[in-house]
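Here's the letter readout for the chains.
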Amino acid sequence: MLVQVCLYFYCKCLWRCLKFVVRKLTGRCELQRICYSTKPGAGRTMKIESSLRSSKNKLLQNSVSVHPDAIEKTIDAIMELKRINPDVNPQLGVSLQACLLQIVGYRNLIAEVEKLRREPYDSEDPQHEEMLLKLWKCLKPDFPLEARISKQWCEIGFQGDDPKTDFRGMGLLGLYNLLYFAECDAAAAQQILSDSLQPKYREVTKEELSKFSKAEWEKKKFDKAIGYSFAIVGINITDLAYNLLVSGALKTHFYNVAPEAPTLSHFQQTFCYLMHEFHKFWIEEDPLDIMEFNRVREKFHKRILKQLQNPNMALCPHFAASESLINL
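Just so it is clear, the model here is predicted, and its values are computed rather than measured.

Examining the overall build of the chain
A count of helices and strands for the chain gives 16 helices and 0 strands. The burial tally for the chain puts 44% of its 328 residues in the buried class. By sequence separation, contacts in the chain at least 24 residues apart represent 68% of the contacts at least 6 residues apart. Put simply, the chain shows about 18,500 Å² of open surface, and 56% of that area lies on carbon and sulfur atoms.

This is the structure we're talking about:
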């Protein structure tokens, strides 16, 4: 333990000395070097964030948590602290501002999403009830809901005759995401709902077919494809998206697709993407029964995490819910 502590402080001191030497040689501080050598996007913003957080200067440390309205003033203070002439380096201030807007925006997005998650569904709240009934109309436009408390709710994937009990884990966030998907990508949401009720097999390739024994192929022909409960899976995927956000894994995506501060719409668009991808993944995995859901979900989670490790990754699907955001 003592050796590890000594090694940590040695490396930290060595790193600070190295930064000092590089600044003297190049005439640029670390923030300048990052902005001038790294293209805009997650690569640059994450390096800037790491540099600011690891700084021993309180102004730089606190700059990642200022109010959005104070960002310009903070940039001016950083330029003054680093003795950088804004007239000679005009692009630096613009680049730092874009990075700080993303960093601060991500933190604020977590707070906004957390607030929705913590707000329970209230059947006495007219707005909550209106959203729930709207979800039904978007998913089943040709089939009127006969009553508020009804077994019909099972047709869109809720567990019982009153959906309010299914929102406990994710609160209003689950309903917000489901409604966003059903409204902004209605055709795809209705198709996925239909597929979840009438599941289809994925196509078996010739290579896979050649590996089946006769007995395995006969069994495969009579096996039933397994569906899932659309709404319950939507709430579960909301939980997955929430954990990706809070853990910081989604920084790669948001810093690449949001030119400034990521918003709730960006989060909901990501949820739509995850619903699309999970549906395809479920078909590919071809589970034996619904009891395999957690295994499939965990495998899917690991796949998304691996994709997000690429600093150039942007989960930008080409469907209705994301068109306006892709063009930002």
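Concerning the environment of Leu133
Mapped onto the fold, Leu133 is located in helix α7 (residues 126–139). On the accessibility criterion, Leu133 (33% relative accessible area) is partly exposed. Between the C-alpha atom of Leu133 and that of Arg148, which follows or precedes it by 15 residues, the distance is 8.2 Å. Non-local contacts of Leu133, meaning those with residues more than four positions away in its chain, are made with Leu145, Arg148 and Trp153.

So, the nonpolar core
Core analysis: the biggest nonpolar cluster contains 82 residues, and Ile48, Phe158, Phe267 and Leu274 have the highest contact counts within it. Broken down by element, the residue count for this core peaks at 11 residues, all from helix α6 (residues 90–118). Leaving out residues up to four positions away in the same chain, Leu274 has contacts with Ile237, Leu240, Ala241, Leu244, Phe300 and Ile304.

Focus: helix α3 (residues 42–54)
Compared with an ideal rise of 1.5 Å per residue, which puts 13 residues at 18 Å, α3 spans 18 Å between its outermost C-alpha atoms and is within 8% of the ideal. Turning to α3, the residues buried within the fold contact α2 (30–37), α4 (58–62), α6 and α13 (251–257).

Things to note about α7
It helps to recall that an α-helix has 3.6 residues per turn; residues three or four apart then point in one direction. Taking 1.5 Å per residue, 14 residues should reach 20 Å; α7 reaches 20 Å between its end C-alpha atoms and fits that length. Considered for burial, the residues of α7 that qualify are His128, Glu129, Met131, Leu132, Leu135, Trp136, Cys138 and Leu139. Packing partners of the buried residues in α7 comprise α8 (171–184), α9 (186–197) and α12 (230–247). At the N-terminal end of α7, a side-chain oxygen is found 2.9 Å from the backbone nitrogen of Gln127, two or three residues along, and the residue is Asp125.

Focus on the confidence of the model for the chain
For the chain, the average pLDDT comes to 85, and 80% of its residues sit at 70 or higher. A low-confidence stretch, residues 18–26 (pLDDT under 50), is modelled with 9 contacts involving residues beyond four sequence positions or located in other chains. When the criterion is pLDDT under 50, residues 219–223 qualifies, and its contacts beyond four places in sequence or with other chains add up to 3 contacts.

What to know about the pattern of salt bridges
This model, assessed by the stated rule, comprises 14 salt bridges. Across the salt bridge formed by Arg148 and Glu129, the nearest N and O atoms sit 2.7 Å from each other. In this pair, Arg148 is assigned in the loop between α7 and α8 and Glu129 in helix α7, connecting sequence segments 19 residues apart. For Glu129, a relative accessible area of 15% corresponds to the buried category. Note that Asp162 is salt-bridged to Arg148, the shortest N-O span being 2.9 Å. Highlighted residues: Asp162 in the loop between α7 and α8 and Arg148 in the loop between α7 and α8, separated in sequence by 14 residues. Overall, Asp162 belongs to the buried group, its relative accessible area being 13%.

Conventions adopted
- Residues numbered from 1 in each chain as written.
- Predicted model: local features only at pLDDT ≥ 70, side-chain atom pairs only at ≥ 80, totals over all residues.
- Heavy atoms only, no water.
- Helix = DSSP H or I, 4+ residues; strand = E, 2+ residues; numbered from the N terminus.
- Buried < 20%, exposed > 50% of the residue type's maximum accessible area, 1.4 Å probe, protein only.
- Contact = heavy atoms within 4.5 Å.
- Areas by Shrake-Rupley, 256 points an atom, 1.4 Å probe, with all protein chains shown as cover.
- Core = buried A, V, L, I, M, F, W, Y, C linked by side-chain atoms within 4.5 Å.
- Expected span 1.5 Å × (residues − 1).
- Polar contact = N/O pair within 3.5 Å; in protein donor to acceptor, adjacent residues only side chain to side chain.
- pLDDT = per-residue confidence, 0-100.
- Salt bridge = Lys/Arg side-chain N within 4 Å of Asp/Glu carboxyl O.

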